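An overview of the molecular structure
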Amino acid sequence: MSAIANIVILTGAGVSAESGLATFRGPDGLWEGHRVEDVCTPEAFARDAGFVHRFYDMRRAALETVAPNAAHEALARLDREWPGELLIVTQNVDDLHERAGASRVLHMHGELRSAWCLDCDARSGWTGPLGDAPECPACGARALRPDIVWFGEIPYQMERIEAALARADLFVSIGTSGAVYPAAGFVRAARAYGAETLELNLEASQGSFAFDETRRGPASVLVPEWVAEMLGA
């Protein structure tokens, strides 16, 4: 690789799968046994908020049973030691990157441990259930919803992501399917801006063909090896 200063990393479900978190969307198109239309859209929430809350309350509770794996730990090390710009853009709604120690993290699809008040627009850290309609810490209204980007909604901080891609010398995709947009288009954007591109994935993704280099294997193996290379170990 040529001289690298600025890095953008995209992480997907494959990074957290080895920690024991099931990928939300299975090969049959269901989200952990539920139709997308029933749990992952604004319309579903308007139709049956209690059902949607129970789904995400269970996902939030599951975070208590898992821990960061070697891939999270390696990316946290890179975050600590990389002297240039670094942005970890994750499609995951868990907090395993942060629990491993990473700080330069952007959750483009929201976070399980965050609640969004539809009354005052405040977002609050949240670890308990939302299904019992608790009060918003900011305004007291009982109008909280999961702070998750649902189908049909715009992912968070897209302008910041685009700006980081424009400055990147290297774009790395880890554990993603290459099927969910706009994240699936990041590799093409990065290449258009002149960045080198690398994919680390368990198997070929729908976007593998667009990368300069691809490496196959578990994230817990590939990511520590790549981070060691980048840090000169």
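Let me sum up the structure you'll find in this document. Position numbers for residues count from 1 along each chain, tracking the sequence in the order it is written. Selection of residues for local features in this predicted model requires a pLDDT of at least 70, selection of side-chain atom pairs for listing and counting requires 80 or more, and totals for whole chains, interfaces and linings are taken over all residues. Water and hydrogen atoms were dropped before computing side-chain values, which therefore reflect all heavy atoms in the structure.

1. Re the packing of aromatic side chains
Each aromatic pair joins two rings of Phe, Tyr and Trp (for Trp, the six-membered one) with centres within 6.5 Å, and gets the label stacked for planes under 30 degrees apart, edge-to-face for over 60, and tilted for any other angle. Applying the stated criterion across every chain, the model contains 4 aromatic pairs. Seen from their ring centres, Phe 45 and Trp 150 are 5.5 Å apart, and the 40° between their planes marks the pair as tilted. Of this pair, Phe 45 sits in helix α3 (residues 42-47) while Trp 150 is found in the loop between β6 (144-148) and α7 (158-167), placing the two residues 105 residues apart along the sequence. Relative accessible area serves as the criterion here: at 14%, Phe 45 is assigned to the buried category. Accessible area is worked out with a 1.4 Å probe on protein chains only. A residue is then buried under 20% of its type maximum, exposed over 50%, and partly exposed in between. Classification of Trp 150 as buried rests on a relative accessible area of 3%. A ring pair is formed by Phe 171 and Phe 211, whose centres lie 6.2 Å apart and whose planes are at 15°; its orientation type is stacked. A run of H or I in DSSP becomes a helix once it reaches four residues, and a run of E becomes a strand once it reaches two; helices and strands are each numbered from the N terminus.

2. Topic: the packing of helix α5 (residues 70-81) against helix α9 (residues 219-230)
Contact geometry of α5 with α9 gives a least axis separation of 7 Å together with a crossing angle of 20°. As the angle between them shows, α5 and α9 are arranged roughly parallel. α9 is crossed by α5, and the crossing has left-handed handedness. When α5 is examined against α9, the residues Ala 70, Ala 71, Ala 74, Leu 75, Arg 77 and Leu 78 are found in contact with a partner set consisting of Ala 219, Ser 220, Val 223, Pro 224, Trp 226, Val 227, Ala 228 and Met 230. For this classification, the nonpolar set comprises Ala, Val, Leu, Ile, Met, Phe, Trp, Tyr, Cys and Pro, the charged set comprises Asp, Glu, Lys and Arg, and every other residue, Gly included, is treated as polar. Taken together, the residues of the contact of α5 with α9 sort by class into 12 nonpolar, 1 polar and 1 charged. Every axis in this analysis is a line fitted to C-alpha atoms, fitted for helices over the stretch in contact. Angles between the N-to-C directions lie between 0 and 180 degrees. Convention used here: angles under 35 degrees read as roughly parallel, angles over 145 as roughly antiparallel, angles from 65 to 115 as roughly perpendicular, and any remaining angle as oblique. Whether a crossing is left-handed or right-handed is set by the direction in which the near helix is turned from the far one by less than a right angle, anticlockwise for left-handed and clockwise for right-handed. Two residues qualify as a contact provided that any one of their heavy atoms is within 4.5 Å of a heavy atom in the partner residue.

3. Some remarks on the environment of Trp 116
Mapped onto the elements of the fold, Trp 116 is located in strand β4 (residues 110-117). Distance in space between the C-alpha atoms of Trp 116 and Ala 164 is 26 Å, their sequence separation being 48 residues. In contact with Trp 116, other than residues within four places in its own chain, are Asp 121, Ala 122, Arg 123, Ala 143, Leu 144, Arg 145, Asp 147 and Tyr 156. In protein, a polar contact means a hydrogen-donor-capable atom and an acceptor-capable atom, both N or O and within 3.5 Å, with residues adjacent in sequence counting only if both atoms are side-chain atoms; elsewhere, any N or O pair within 3.5 Å suffices. Separated by 2.8 Å, the side chains of Trp 116 and Asp 121 make a polar contact.

4. Some words on the environment of Ala 184
With respect to the helices and strands, the residue Ala 184 is situated in the loop between β7 (170-174) and α8 (186-192). For Ala 184, a relative accessible area of 10% corresponds to the buried category. Sequence separation between Ala 184 and Gln 206 is 22 residues, and the spatial gap between their C-alpha atoms is 8.6 Å. Ala 184 has contacts with Gly 178 and Ala 179, leaving out every residue within four places of it along the chain.

5. Some remarks on the sheet that holds strand β5 (residues 123-125)
Think of it this way: DSSP has to see at least two bridges between two strands before they count as a pair. On the basis of which strands lie adjacent, the open sheet formed by 3 strands has the order β5-β4-β6 and antiparallel pairing. Because the sheet does not close on itself, it has two edges, and the strands there are β5 and β6. Taking the axes of each pair of neighbouring strands and ignoring which way they run, one obtains an average angle of 45° across the sheet. Of the strand pairs in this sheet, β4 and β6 are connected by 4 bridges, and their pairing is antiparallel. From the neighbouring strand, Trp 116 faces β6, where its bridge partner is Arg 145. Helix-sheet contacts for helix α4 (residues 49-62) involve β4 and β6, and the interaxial angle to β6 is about 55°.

6. Looking at the sheet that holds strand β1 (residues 7-11)
Reading across from one edge, β3-β2-β1-β7-β8-β9 is the order of the 6 strands in this open sheet, with parallel pairing throughout. Pairing within the sheet leaves two strands with one partner each, and these edge strands are β3 (105-107) and β9 (213-216). The sheet shows a mean angle of 15° between the axes of neighbouring strands, direction not considered.

7. Remarks on the side chain of Asp 79
Along the chain, Asp 79 falls in helix α5. Classification of Asp 79 as buried rests on a relative accessible area of 6%. Setting aside chain neighbours within four positions, we find Asp 79 in contact with Leu 86, Gly 101, Ala 102, Ser 103 and Arg 104.

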